[in-house]
Amino acid sequence: MAPPASAAMAVAAPNEKKKQSTEEPRRRLSCIPSFDALWFCYSPVHQMQQYYRQGVLDNCFEKWSAVFDCLSLKTKRSSEVQEILEAREKGKPHIWSFRTPEEAAANWKETFGHLDEME
C-alpha cells in the first residue's frame with residue numbers, strides 16, 4: 001500500500017528547504033520603513049524636536065526622497081534591484097578607520113598621552 005500523496009509531499013518539502021538555505025538570501029525590498037519615517041516626520045513630536053535642536057521645522061525632503069526612491073526601485077526587476085542595492089552598500093564609507101597596531105599606538109599616545117604625564 002502506497003503512502004498518501006500528502007505524506008510524500010511532506011517528505012519532499014524538507015529537501016526543498018535545504019536547497020533554498022544554501023543559496024544566498026535575497027533581500028526583499030520594502031517601502032514600509034520609508035513611509036513610516038515620512039509619517040513620523042510630520043508628527044508634532046518630531047517637528048518640535050527639530051525646532052528645539054536646530055531652530056527650524058523639518059521640511060521632510062529627505063524622507064520624501066527615500067519614499068520616491070523606494071517606489072522607483074519597486075518598478076525594476078529584482079535582479080536590477082539587487083545590483084543597485086549592492087552597489088549602494090559598497091559605495092557607503094565605512095564608519096571605522098582601520099589602523100595598524102603602530103598607528104593605533106601613536107594615535108592613542110597623541111590623544112591620551114597627556115594623562116601619563118599627570119602621574
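Residues numbered from 1 in each chain as written. Predicted model: local features only at pLDDT ≥ 70, side-chain atom pairs only at ≥ 80, totals over all residues. Heavy atoms only, no water.

Applying the stated criterion to the full structure yields 2 salt bridges. Notably, a salt bridge pairs D69 with R88, separated by 2.8 Å at the nearest N-O pair. Note that D69 is positioned in helix α4 (residues 61-74) and R88 in helix α5 (residues 78-91), a separation of 19 residues in sequence. Looking at D69, the relative accessible area reads 27%, which means it is partly exposed. (Salt bridge = Lys/Arg side-chain N within 4 Å of Asp/Glu carboxyl O. Helix = DSSP H or I, 4+ residues; strand = E, 2+ residues; numbered from the N terminus. Buried < 20%, exposed > 50% of the residue type's maximum accessible area, 1.4 Å probe, protein only.)

Here we come to the packing of aromatic side chains. For the coordinates displayed, the defined rule picks out 2 aromatic pairs. Ring geometry for W108 and F112: centres 4.5 Å apart, planes at 50 degrees, overall tilted. With a gap of 4 residues between them, W108 and F112 both fall in helix α6 (residues 101-117), about one helical turn apart. (Phe/Tyr/Trp six-rings, centres within 6.5 Å; stacked < 30°, edge-to-face > 60°.)

A separate point is the confidence of the model for the chain. In regions of low pLDDT, the predicted coordinates are not meant to be interpreted in detail. The predicted model of the chain has a mean per-residue pLDDT of 82, with 76% of residues at 70 or higher. Long-range and interchain partners of residues 1-14, a stretch whose pLDDT sits below 50, account for 0 contacts in this model, where long-range means more than four residues apart. Scored below 50 in pLDDT, residues 16-20 makes 0 contacts in the model with residues more than four places away or belonging to other chains. (pLDDT = per-residue confidence, 0-100. Contact = heavy atoms within 4.5 Å.)

Looking now at a nonpolar patch on the surface. Side chains of F35, Y42, W64, F68 and L71 sit close together on the surface and give an oily, nonpolar patch of about 520 Å² of accessible area. In terms of residue count, the dominant contributor to the nonpolar patch is α4 (3 residues). With respect to the helices, strands and loops of the structure, Y42 is situated in the loop between α2 (32-41) and α3 (44-54). By relative accessible area, Y42 is classed as partly exposed at 47%. (Patch = residues over 30% accessible without salt bridge, like charges linked within 9 Å, V, L, I, M, F, W, Y side chains within 5 Å. Areas by Shrake-Rupley, 256 points an atom, 1.4 Å probe, with all protein chains shown as cover.)

As for its placement among the helices and strands, L85 is situated in helix α5. Note: C-alpha distance between L85 and L73 (12 residues apart in sequence) is 9.5 Å.

Here we take up α6. Compared with the 24 Å implied by 1.5 Å per residue over 17 residues, the 22 Å span of α6 between its first and last C-alpha is a close match. The largest bend along α6 measures about 60 degrees and falls at T111. (Expected span 1.5 Å × (residues − 1). Bend = angle between axes of the 7 residues up to and from the residue.)

Moving on: the side chain of Q50. For Q50, the location among the structural elements is in helix α3. In contact with Q50, not counting residues within four places along its chain, are G55, V56 and D58.

With a phi angle near 65 degrees, C60 is a residue other than glycine that sits in the positive phi range. Within the secondary structure, C60 is located in the loop between α3 and α4.

To continue, consider the state of the cysteines. As enumerated under the stated definition, the model contains 2 disulfides in all. Covalent S-S linkage joins C41 and C60, the inter-sulfur distance amounting to 1.9 Å. With the S-S bond torsion at -95 degrees, the cross-link from C41 to C60 turns out left-handed. Of the two residues, C41 is situated in helix α2 and C60 in the loop between α3 and α4; the sequence distance between them amounts to 19 residues. Indicated for the chain is the disulfide connectivity 1-4, 2-3, based on numbering the bonded cysteines in sequence order. (Disulfide = S-S within 2.5 Å.)

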